[in-house]
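Listed below, chain by chain, are the residues.
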Amino acid sequence: MSATRLVAPSLVFIGLLGFMITIWMALIEAPSMGNDWNAPESYRILFIHVPFAWVSFSGFALLFGGSLGWYLRRSERGWKLAIIGAQLGLLYSLGVLISGPIWGAAEWGVPWDFQDIRLNSFAILGGVALFVALGEMNSEDTEQQRDLLSSVGIFGFGLVPLTYMATRWWQERHPGPLIGGGNEDSGVDPSILLIWMIGWISLQVLFIGQTMMTMRLLQTEQQLENILSNLEDSI
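Residues numbered from 1 in each chain as written. Predicted model: local features only at pLDDT ≥ 70, side-chain atom pairs only at ≥ 80, totals over all residues. Heavy atoms only, no water.

### Some points on the packing of helix 2 (residues 46–73) against helix 7 (residues 190–234)
Logical step 1: Between helix 2 and helix 7, whose axes approach to 8 Å, the crossing angle comes to 40°. Our classification of the angle between helix 2 and helix 7 gives oblique. Judged by the sense of rotation from one axis to the other, the crossing of helix 2 with helix 7 is right-handed. Two secondary-structure elements touch here, helix 2 through Leu46, Phe47, Val50, Pro51, Phe52, Trp54, Val55, Ser58, Gly59 and Leu62 and helix 7 through Ile192, Ile195, Trp196, Met197, Gly199, Trp200, Leu203, Gln204, Phe207 and Thr211.
Logical step 2: Its residues placed into classes, the contact of helix 2 with helix 7 shows 15 nonpolar, five polar and no charged. (Axes fitted to C-alpha atoms, helices over the stretch in contact; angles between N-to-C directions. Helix = DSSP H or I, 4+ residues; strand = E, 2+ residues; numbered from the N terminus. Parallel < 35°, antiparallel > 145°, perpendicular 65-115°, else oblique. Left-handed = near helix turned anticlockwise from the far one by under 90°. Contact = heavy atoms within 4.5 Å. Nonpolar A, V, L, I, M, F, W, Y, C, P; charged D, E, K, R; others polar.)

Structure follows, in structure tokens:
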């Protein structure tokens, strides 16, 4: 195996190791919350929830950029990046959509709030990624189908700024912005922020490694399809 082929597995290993360290720090090193919380210890799951949420936007951005590449330039690489973005965006959004309701059930008494804009807009974002990922897997690979799926990826990306700004424009049940919120309630304990950042960097490294490995897999599949096609033509 060449040195370049070792990069992606190494990134995946480093990312997973960092994520394991994040979980350990969340359970052991993170400070306890006061009695202002209904379920003070349940907040530790947010050390998984928040980094997953941050990295999921990398998947949605990759889906958007790749979709533009295909739709505007008919870039085969752009199409592959769109598919990778959909798959990884779905993966990390599932991490958010599973961990969030667990904390919500403990802290709020309900796992979901259908009036909260951020919760529901993020769920729709996950649905966009699911639609593109399943559409690519279960339909014939034609230009028309690629145009449809890439257009969904492009227009679905409009939910990203809405999701990001939701707690600034509409404060419902979801906690308001703790970083860069621009008000006196913004801010977070440095020790909590440190664990979040370690988790985010670890998952971002993992995301990059997964992107590289999936791209290589898709390229290998394309090469095999070309070989099979050439063999059929020669028979």
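### Describing the side chain of Gln204
Logical step 1: Structurally, Gln204 is set in helix 7.
Logical step 2: Not counting the four nearest positions on each side in its chain, Gln204 is found in contact with Val55 and Ser58.

### A look at helix 4 (residues 117–137)
Each full turn of the α-helix corresponds to 3.6 residues, which orients residues three or four apart in the same direction.
Logical step 1: Between its first and last C-alpha, helix 4 extends 30 Å over 21 residues, near the 30 Å set by a 1.5 Å rise per residue.
Logical step 2: Three or more residues of helix 4 are buried, namely Arg118, Leu119, Ser121, Phe122, Leu125, Gly126, Val128, Ala129, Val132, Ala133 and Gly135.
Logical step 3: Those residues of helix 4 hidden inside the fold are in contact with helix 2, helix 3 (76–107), helix 5 (143–156) and helix 6 (159–169).
Logical step 4: Capping the start of helix 4, Asp116 holds a side-chain oxygen 3.1 Å from the backbone nitrogen of Arg118, two or three residues further along. (Expected span 1.5 Å × (residues − 1). Buried < 20%, exposed > 50% of the residue type's maximum accessible area, 1.4 Å probe, protein only. Polar contact = N/O pair within 3.5 Å; in protein donor to acceptor, adjacent residues only side chain to side chain.)

### Focus on the pattern of salt bridges
Logical step 1: For the structure on display, the rule yields six salt bridges.
Logical step 2: Between Arg44 and Glu41 there is a salt bridge, with the nearest N and O atoms lying 2.7 Å from each other.
Logical step 3: For the salt bridge of Arg146 with Asp141, the shortest nitrogen-to-oxygen distance reads 2.7 Å.
Logical step 4: Given the relative accessible area of 53%, Asp141 is considered exposed.
Logical step 5: Each of the salt bridges in this network shares a partner with another, and the network as a whole consists of Glu76, Lys80, Asp141 and Arg146. (Salt bridge = Lys/Arg side-chain N within 4 Å of Asp/Glu carboxyl O.)

### Some thoughts on unusual backbone geometry
Logical step 1: Its identity as a non-glycine residue notwithstanding, Arg74 has a phi of 55°, on the positive side.
Logical step 2: Along the chain, Arg74 falls in the loop between helix 2 and helix 3.
Logical step 3: For Arg74, a relative accessible area of 36% corresponds to the partly exposed category.

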